[in-house]
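Observations on chain architecture
Below are the chains, spelled out letter by letter.
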Amino acid sequence: MEFKCGYVTIIGNTNVGKSTLINRIVGEKVAIVSPKAQTSRDNTIGIYNDDNSQIIFIDTPGYHKTEHKLDEYMQENIDNAINGDVNVLIYVIDGKKPLVEQYEKLANKGDKRSKKILVINKIDETTFERLYPQLARLNEIAKVDEILPLSAFKGKNVDVLIDMIKKYLPTYDYEMRYYPVDQFTDKNVRFLSAEIIREKVLLLYNEEIPHGVAVQITQFDESEEVIKISADIYCEKDSHKMILIGKQGEAIKKLSTISRIAIEKMLDARVYLDLFIKVKPNWRVDNLILSEFGYSNKD
Ligand SMILES: Nc1nc2c(ncn2[C@@H]2O[C@H](COP(=O)(O)OP(=O)(O)OP(=O)(O)O)[C@@H](O)[C@H]2O)c(=O)[nH]1
Ligand SMILES: [Mg+2]
């Protein structure tokens with residue numbers, strides 16, 4: 001028997017589809033996804049299992065310029081995820097944007113010992129004619145082990161990516177799994193619920209607001225058939241609080257409903273969800289509050 005097991009880190013600019021890719025591979029929603037920049041803030045593990053392998057993927061926040069301490073935390077996460085024991089590093093770029101430029105920003109990132117796969121995502125929204133000349137150029141200059149165009153959204157070539165990764169993972173002559181087969185992420189349902197609420201904030205409000213939002217679960221009571229969840233949604237200004245609540249509470253009602261439905265789907269149970277909007281000015285630059293919100297790499 002030949003068994004493959006190892007670690008794969010996914011990095012790239014914000015919004016290129018890293019989280020969409022990890023969700024597609026794992027077959028579960030381990031990381032939130034949105035059309036807005038800077039969606040992921042934490043590293044999230046997504047675990048892929050089949051009969052002859054276990055692949056542990058690490059999804060990271062996207063590269064972007066650092067303005068707040070929160071951004072520093074996010075960029076620190078990427079460094080942690082590429083400098084550990086990584087068998088394969090995946091660079092994700094957006095197939096709809098100039099490829100070479102995007103690659104050049106990622107080239108040299110990560111440990112020399114890691115194998116590197118350059119993934120060109122979102123090919124469902126571009127054409128071969130547009131990709132081809134750029135691919136030829138990439139082939140010449142890219143210092144990577146493989147280049148693979150795919151669509152995380154449609155699932156196209158994702159199976160090819162898995163086979164490609166397996167080639168570069170250590171081989172065992174016994175079943176070697178770091179995680180039990182039924183575990184697909186390192187995050188608990190409390191964290192995932194908070195993230196789902198943040199995803200819906202990203203969906204419903206303008207960028208300035210979601211970027212300044214943090215979600216804290218204050219109650220997660222599974223003792224009854226209907227799971228009771230309460231969450232505080234922190235924003236930075238009174239004016240943001242007004243927008244989050246909306247006229248006659250319409251906006252928050254909508255947020256609450258779509259968040260509840262998504263959490264119910266994840267938990268496969270009925271949920272009673274209570275949301276509270278709170279203001280914490282400048283929380284994104286305050287180390288103490290960041291750490292209270294879980295955005296800290298120090299113990
Ligand atoms: N058309 C198309 N859209 C995609 C594909 N993959 C991701 N997207 C979209 O791209 C947007 C960003 O996706 P995410 O998965 O959140 O991107 P990310 O790289 O994790 O972004 P950050 O967490 O901000 O770094 C979302 O609107 C996705 O639906 C794809 O293969 N095709
Ligand atoms: Mg993401």
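Reference entry: report on the structure contained in this document. (Residues numbered from 1 in each chain as written. Chains lettered and ligands numbered in written order. Predicted model: local features only at pLDDT ≥ 70, side-chain atom pairs only at ≥ 80, totals over all residues. Heavy atoms only, no water.)

Points about the layout of surface pockets
Empty space among the atoms can be located by rolling a probe the size of a water molecule over them. Let me state the cut-off plainly: A cavity here means a set of 1 Å grid points, computed over protein atoms only, where a 1.4 Å probe fits but cannot escape. A pocket is an open set with protein on both sides within 12 Å along at least 5 of 7 lines, and lining residues have an atom within 4 Å of a point. Grid points are joined across faces, edges and corners, and a volume is the space filled by probe spheres set on the points. A helix here means a DSSP run of H or I that spans at least four residues, while a strand means a run of E at least two residues long, and both kinds are numbered starting from the N terminus. Under the grouping applied here, Gly and all other residues not named as nonpolar or charged are polar, the nonpolar ones being Ala, Val, Leu, Ile, Met, Phe, Trp, Tyr, Cys and Pro and the charged ones Asp, Glu, Lys and Arg.
A volume near 590 Å³ is recorded for the largest pocket. Considering the residues around the largest pocket, the lining is formed by 26 residues, among which Gly17, Thr20, Val33, Ser34 and Lys122 are closest to the centre. Top contributing element to the lining of the largest pocket by residue count: helix 1 (residues 18–26), with five residues. Taken together, the residues that form the lining of the largest pocket break down as six nonpolar, 13 polar and seven charged.

Let's talk about the coordination of the magnesium ion (ligand 2)
Quick reminder of the rule: Note: metal donors comprise N, O and S atoms at 2.8 Å or less from the metal (3.2 Å for Na, K and Ca); water molecules are not included, so apparent gaps in a site are possible. The rule is simple: take the accessible area with a 1.4 Å probe, protein chains only, and divide by the maximum for that residue type; under 20% is buried, over 50% is exposed, in between is partly exposed.
Each protein donor to the magnesium ion (ligand 2) is listed here as Ser19 (OG) and Ser40 (OG); together their distances run 2.0 to 2.1 Å. Here Ser19 is found in helix 1, whereas its partner Ser40 is found in the loop between helix 1 and strand 2 (44–50), with 21 residues between them in sequence. Ser19 sits in the buried class, given a relative accessible area of 8%.

Remarks on the packing of aromatic side chains
Our working definition: Between the rings of Phe, Tyr and Trp (Trp by its six-membered ring), a pair exists once the centres lie within 6.5 Å; its type follows the angle of the planes, with under 30 degrees stacked, over 60 edge-to-face, and the other angles tilted. When the NZ atom of lysine or the CZ atom of arginine is within 6 Å of a ring's centre and also within 35 degrees of its normal, the charge is said to sit over that ring.
In the structure shown here, the tally under the stated rule is eight aromatic pairs. Between Phe128 and Tyr132, the ring centres sit 5.4 Å apart and the planes meet at 50°, which makes this aromatic pair tilted. Taken together, the positions of Phe128 and Tyr132, both in helix 4 (residues 128–141) and four residues apart, correspond to about one turn of that helix. Take Tyr132: its relative accessible area is 49%, and that puts it in the partly exposed class. Here the aromatic residues Tyr73, Tyr234, Trp283, Phe293 and Tyr295 are joined through ring pairs into a cluster of three or more. For Lys109, the ring lying beneath its charged end belongs to Tyr63, and the centroid distance is 4.6 Å. The ring of Phe191 carries Lys187 above its face, with NZ or CZ at 5.2 Å from the centroid.

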